[in-house]
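In case you want the letters, here they are:
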Amino acid sequence: MEPMDIVGKSKEDASLPKEFINLISSESNEVCNREEKRTIAPEHVLKALGVLGFGEYIEEVYAAYEQHKIETMQDSLKGGKWSNGAEMTEEEAAAEQQRMFAEARARMNGGAAPPKQPDPAPSVES
């Protein structure tokens, strides 16, 4: 089967990708159940591709899966989308939240934002 056979070439074929995904999902679920697992894992999808006669795609799908794992690992090492890489204590986070609330209140009330408070010097305990 060629990739365009899955995607479809005409308007009538528009449901083919959905049917293909349903087919792979269903067979992956069957593989998962046979292995007495509760969650479909990437390995189940790869086995399903083979069972359904799409073995020629296994290598490419596995490569995409490995690339996804690398990108996900890099994102988590960076601290995620919103992090600047520095960890905050719960107290620091609460103080920052209160500062941001005060700025937002000031903007909503038509006033200028209060001046930013300097970061407190870290205390050194002996």
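Residues numbered from 1 in each chain as written. Predicted model: local features only at pLDDT ≥ 70, side-chain atom pairs only at ≥ 80, totals over all residues. Heavy atoms only, no water.

K.L.:
Would you take a moment to explain the overall build of the chain for this structure?
P.N.:
Within the chain, the regular secondary structure consists of five helices and zero strands. For the chain, the succession of helices and strands along the chain, N to C, is α-α-α-α-α. Out of the 126 residues belonging to the chain, those deemed buried represent 12%. Long-range contacts, defined here as pairs at least 24 residues apart, represent 26% of the contacts in the chain between residues at least 6 apart. Taken as a whole, the chain presents about 10,700 Å² of accessible surface, with 56% of it coming from carbon and sulfur. (Helix = DSSP H or I, 4+ residues; strand = E, 2+ residues; numbered from the N terminus. Buried < 20%, exposed > 50% of the residue type's maximum accessible area, 1.4 Å probe, protein only. Contact = heavy atoms within 4.5 Å. Areas by Shrake-Rupley, 256 points an atom, 1.4 Å probe, with all protein chains shown as cover.)

K.L.:
Sorry if this is basic, but what is going on with the packing of helix H2 (residues 16–34) against helix H3 (residues 42–51) here?
P.N.:
Packed helices, taken two at a time, are described by the angle between their axes plus the distance between the axes. Running from N to C, H2 and H3 cross one another at 110 degrees; their axes reach a closest spacing of 8 Å. As judged from the angle between their axes, H2 and H3 are roughly perpendicular. Read as a crossing pair, H2 and H3 show a hand that is right-handed. Between H2 and H3, the contacting residues are Phe-20, Ile-24, Glu-27, Ser-28, Val-31 and Cys-32 on the first element and His-44, Val-45, Lys-47, Ala-48, Leu-49 and Val-51 on the second. Here the residues of the contact of H2 with H3 sort into eight nonpolar, two polar and two charged. (Axes fitted to C-alpha atoms, helices over the stretch in contact; angles between N-to-C directions. Parallel < 35°, antiparallel > 145°, perpendicular 65-115°, else oblique. Left-handed = near helix turned anticlockwise from the far one by under 90°. Nonpolar A, V, L, I, M, F, W, Y, C, P; charged D, E, K, R; others polar.)

K.L.:
Quick question: what am I supposed to make of the side chain of His-44 here?
P.N.:
By the element assignment, His-44 lies in helix H3. Among the residues examined, His-44 registers a relative accessible area of 5% and is labelled buried. A distance of 2.9 Å separates the side chain of His-44 from the side chain of Glu-35, its partner in a polar contact. Ignoring sequence-local partners within four residues, the contact set of His-44 consists of Ser-28, Val-31, Cys-32, Glu-35, Lys-37 and Thr-39. (Polar contact = N/O pair within 3.5 Å; in protein donor to acceptor, adjacent residues only side chain to side chain.)

K.L.:
Whenever I open this one, the side chain of Glu-27 confuses me. Can you help?
P.N.:
With respect to the helices and strands, the residue Glu-27 is situated in helix H2. Of the residues examined, Glu-27 reaches a relative accessible area of 15% and is grouped as buried. One polar contact links Glu-27 to Arg-34, side chain to side chain, over a distance of 3.3 Å. Leave out the neighbours within four places in its chain, and Glu-27 touches Arg-34, Ala-48, Val-51 and Leu-52.

K.L.:
Whenever I open this one, the pattern of salt bridges confuses me. Can you help?
P.N.:
Oppositely charged side chains can form a pair if their charged atoms are brought close together. All told, the structure shown has five salt bridges when counted by the stated rule. For Glu-96, the salt bridge is made with Arg-99, and the minimal N-O distance between the two is 2.5 Å. Of this pair, Glu-96 and Arg-99 both sit in helix H5 (residues 90–108), separated by three residues, roughly a single helical turn. Here Glu-103 makes a salt bridge to Arg-99, at a shortest N to O gap of 2.3 Å. Of this pair, Glu-103 and Arg-99 both sit in helix H5, separated by four residues, roughly a single helical turn. Given a relative accessible area of 17%, Glu-103 falls into the buried group. Under the relative-accessibility criterion, Arg-99 is labelled partly exposed at 22%. Salt bridges sharing partners connect three or more residues here, namely Glu-96, Arg-99 and Glu-103. (Salt bridge = Lys/Arg side-chain N within 4 Å of Asp/Glu carboxyl O.)

K.L.:
Is there a simple way to explain the confidence of the model for the chain in this structure?
P.N.:
As a general rule, the predicted coordinates of low-pLDDT regions are not to be interpreted in detail. Chain-level statistics for the chain give a pLDDT mean of 80 and a share of 71% at 70 or above. Least confident of the elements in the chain is helix H1 (residues 3–7), whose mean pLDDT is 55; most confident is H3, at 96. (pLDDT = per-residue confidence, 0-100.)

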